[in-house]
Amino acid sequence: MQNFVGVGVFRGRVIGPVRHMPPALAEPPAGEQLESSTTPEAAAANLKDAGAAVKAQLQDRASRATGAGKDVLEATALMATDPMLIKAAIKLINAGSSAERAIWEAGESVAQLLHDLGGMMAERSHDVHDVKLRIIAVLRGVHVPEIPDFPEPFILVAEDLAPADTATLDPEKVIALVTAGGGPQSHTAIIARALGLPAVVAAAGAYELVEDSLIFVDGSTGVVSTEPGENERSAVALWQEKAALLSVFDGNGQLGCGTLLPLLANVGGAKDAQEAAEAKAQGVGLLRTEFCFLGNSTEPSHDDQVAAYKGVFDAFPGQKVVIRTLDAGADKPLPFLTDSTEPNPALGVRGYRTETTTPGVLLRQLGAIADAAAQSEAVVWVMAPMISTPAEAADFAAQCAEAGLQIPGVMVEVPSAALTSRHILDRVEFASLGTNDLTQYTMAADRQLGPLAALNDPWQPAVLALIQATVEGAISQAKHSASLAVEDSLPKPVGVCGESAADPVLAVVLAGLGVSSLSMTARALPAVAAVLRTVTLAQARQLAHKAVAASSATEARDLVRDALPALKELGL
Ligand code: PEP
Ligand code: MG
């Protein structure tokens, strides 16, 4: 037996066969020439055969798919033998280019052409990029980098996953995720939690696991073992028993002393929102609007935006829905907003900052949000990602007012915003702590990098201190602005919508630090609610105080865990 230890990002224990996500395909070198042993005619025939093979593969998948997925696969299949694409590539082959380089360049120019035509045609440019890569994979005799398609359930093992990969993941087929890279706040981790999939990230060396071999995955401890035996089988059985205890939330987040702490859901679209409503979430604390448009190469139209947002609002009539404007950039690139050549995208033009390079998109989005809100009964709050200064908060509030939106807020996910929350809250109505980015920026550790997973831990006392500073800023803002005797209360709400809120133990600390709501994947609601009910506000404050004063993330986590005997009973 061999063990790989990574970071567990969603609890659950399973045993299943390994299926690898093939590695990304490298671009054929610019100027790559046809080999002297091949004639242009033979290379062109090869290329046509590869196109036909891709068409057949996609048609086969389409025959097993249903609904919108089937239509997309059928349309993409046709693109694989599209005469415009193939002819353009053959022209390049005849001019001396290798077949791989020719289809790469032909694909790029056809995609650009479609992109420039705009509208529906622009959407097809994705299909061209997709078939271009598939044809290159066939020419090289390797697998296309996509989630493998097998009839039996399996454990997906990857170097790392992009949000677009995980968006097509079918939780009926993929029973657990293991990545060698990625951190606990990476988007792979976020999607694993949203899908309720046991997942381990940053498991160094895990990509070497043998295809089709059986492995054991423990999403709580981060252990991945080969050749599972009796111990692992009983661990899986025990987990199945405990999991049943933590499967429901009664829709009422509160501490043991009766202090209310609303528990909301993080969603990426209407389907998530319906699931969150069924799971009795008390509203939506974060709608990641960029997740609605990850495949778009052009700005979504007003009507498409209204439809996407309204689908979420309609799941929560009369309840709060916090919608976040597009957070494009870093690991969530949107071609119409971000520059893929930026050397350091996490520190680049992302989130609200795209307003400086692509002005107008934000105000148009706010207009669509206002229209969707007017057509629904949800209580719509709107917030901007990546706010760094009070001036940015003021500009965002002014744009919300111009669009007719009454409740503007900001994400606090940059340390400067945490440290100036008093001035920021003078300009907007609420703040929401994005602890995923707050952690990466506090610790200067890219949230996507496996080797930095230990730094990228929201239990780091420095991160907890910034959460505390944000809440203290909100309290002092209230005291100054209203000249009331406000004692430790938050007239302007400060919630948490980062992944830290989904950790039932850290949720106790966040409650003790004084945040006003917690928002998480709907799957985490039952466990967070169950643990919060085991402590009073006074106990939570004491534990929060100790966690902030700890000298390391491990010390903070251990001392809070040791003070919560209920965790063992709940199997957490
Ligand atoms: C965060 O940074 O904590 C957050 C909620 O935003 P995202 O994970 O989408 O960057
Ligand atoms: Mg963020």
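Residues numbered from 1 in each chain as written. Chains lettered and ligands numbered in written order. Predicted model: local features only at pLDDT ≥ 70, side-chain atom pairs only at ≥ 80, totals over all residues. Heavy atoms only, no water.

Asker: Even after reading the chapter, I still don't get the overall build of the chain, so can you show me in this structure?
Answerer: Scanning the chain from N- to C-terminus turns up 22 helices and 16 strands. Its C-alpha radius of gyration of 25 Å places the chain within 12% of the 25 Å reference for a compact globule of 572 residues. Its C-alpha atoms put the chain at 85 × 65 × 40 Å along the principal axes. Contacts in the chain between residues far apart in sequence, at least 24 positions, make up 69% of those at least 6 positions apart. Treating the 41 positive side-chain charges of the chain as one cloud and the 66 negative ones as another, the clouds have centres 3 Å apart. (Helix = DSSP H or I, 4+ residues; strand = E, 2+ residues; numbered from the N terminus. Rg over C-alpha atoms; globule rule 2.2 N^0.38 Å. Contact = heavy atoms within 4.5 Å. Lys, Arg positive; Asp, Glu negative; His and termini not counted. Charge placed at Lys NZ, Arg CZ, Asp CG, Glu CD.)

Asker: Can you walk me through the side chain of Thr179 in this structure?
Answerer: Mapped onto the fold, Thr179 is located in strand E5 (residues 174-179). Judged by its relative accessible area of 1%, Thr179 is buried. Discounting residues that sit within four places of it in the chain, Thr179 has contacts with Ala158, Glu159, Asp160, Leu161, Thr188, Val200, Val201, Ala202 and Ala203. (Buried < 20%, exposed > 50% of the residue type's maximum accessible area, 1.4 Å probe, protein only.)

Asker: What should I look at first to understand the pairing of strand E4 (residues 154-158) in this one?
Answerer: Every other side chain in a regular strand lies on the same face of the sheet, so the side chains alternate between the two faces. Of all the 5 residues making up E4, 5 are buried; the element is thus mostly covered by neighbouring parts of the structure. Residues Phe154, Leu156 and Ala158 point to one face of E4 and Ile155 and Val157 to the other, with burial holding for every one of them. As defined by bridge partners, strand E3 (residues 13-20) adjoins E4 across 3 bridges and the pair is classed as parallel. Its bridge partner being in E4, His20 is matched across the sheet by Val157. With 5 bridges joining them, E4 and E5 adopt parallel strand pairing. Bridged to Ile155 within E5 is Ala176. (Pairing = 2+ DSSP bridges.)

Asker: Help me understand the domain arrangement of the chain, please; the structure alone is not making it clear to me.
Answerer: Reports of interface size often rely on the accessible area that becomes lost once the parts have come together. We note that the domain assignment places domain 1 (3-22 + 146-244), domain 2 (40-140) and domain 3 (252-569) within the chain. Computed over C-alpha atoms, the centres of domain 1 and domain 2 are 32 Å apart. (Domains from an automatic or database assignment.)

Asker: Got a minute to help me understand the sheet that holds strand E8 (residues 223-226) in this structure?
Answerer: Sheet strands associate in pairs through backbone hydrogen bonding, adopting either a parallel or an antiparallel arrangement. Spatial strand order, E1-E8-E7-E3-E4-E5-E6-E2: 8 strands in an open sheet with mixed pairing. Each edge of the open sheet carries a strand with a single partner, namely strand E1 (3-5) and strand E2 (7-10). When strand polarity is set aside, the average angle formed by the axes of neighbouring strands in this sheet is 30°. Sheet topology note: the E5/strand E6 (residues 199-201) ladder contains 2 bridges and is parallel. (Axes fitted to C-alpha atoms, helices over the stretch in contact; angles between N-to-C directions.)

Asker: Is there a simple way to explain helix H20 (residues 537-549) in this structure?
Answerer: Residues lying three or four places apart along an α-helix face the same way, a consequence of the helix completing one turn every 3.6 residues. For H20, built from 13 residues, the straight-helix expectation of 18 Å at 1.5 Å per residue is met to within 8% by its first-to-last C-alpha distance of 18 Å. Turning to H20, its buried residues are Leu537, Ala540, Leu543, Ala544, Ala547 and Val548. Along the axis of H20, the buried residues cluster in a sector spanning 135°; they form a single face. Residues Ala538, Gln542, His545 and Ala549 are exposed on H20 and point more than 90 degrees away from its buried face. (Expected span 1.5 Å × (residues − 1). Arc of directions from axis to C-beta.)

Asker: Can you help me understand the nonpolar core in this one?
Answerer: Inside soluble globular proteins, nonpolar side chains tend to come together where they are buried. Within the largest apolar cluster, 105 residues are counted, with the highest numbers of intra-cluster contacts made by Phe313, Leu518 and Leu532. If we ignore the near neighbours within four places in the chain, the residues touching Leu532 are Gln254, Leu255, Gly256, Leu261, Leu263, Ala507, Val508, Ala511 and Leu518. Of all hydrophobic cores here, the second largest spans 33 residues; its members include Ala77, Ala102, Ile103 and Leu114. (Core = buried A, V, L, I, M, F, W, Y, C linked by side-chain atoms within 4.5 Å.)

Asker: I keep staring at the pattern of salt bridges and nothing clicks. Help me out?
Answerer: Counted according to the given criterion, the structure contains 22 salt bridges. Here Asp314 ties to Lys310 by a salt bridge, and the two come within 2.7 Å at their closest N and O atoms. In this structure Asp314 comes out as partly exposed when scored by relative accessible area, which is 41%. A salt bridge links Arg447 to Asp437; the shortest N-O distance between them is 2.9 Å. Here the residue Arg447 occupies a position in the loop between helix H16 (435-443) and helix H17 (461-482), and Asp437 occupies one in helix H16, the gap between them amounting to 10 residues. For the pair shown, Arg447 and Asp437 are each scored as buried. (Salt bridge = Lys/Arg side-chain N within 4 Å of Asp/Glu carboxyl O.)

Asker: Mind showing me how you'd approach the sheet that holds strand E14 (residues 430-433) here?
Answerer: One closed barrel accounts for 8 strands, arranged E9-E10-E11-E12-E13-E14-E15-E16; its pairing is parallel. On average, adjacent strands in this sheet sit at an angle of 30° to one another, irrespective of strand direction. Pairing geometry for strand E9 (residues 263-267) and strand E16 (residues 517-520), over 3 bridges, is parallel. Opposite Leu263, over in E16, you have Leu518 as the bridge partner. Along the sheet face, helix H10 (residues 302-313) touches E9, strand E10 (284-288), strand E11 (320-324) and strand E12 (379-384) and points at about 150° away from the line of E11.

Asker: Just to check I follow, could you spell out the pairing of E12 for this structure?
Answerer: Most of E12 is tucked away, with 5 of its 6 residues classed as buried. In terms of strand pairing, E11 meets E12 through 5 bridges, oriented parallel. From the neighbouring strand, Val322 faces E12, where its bridge partner is Trp381. Relative to strand E13 (residues 408-412), E12 runs parallel, the two being bridged by 3 bridges.

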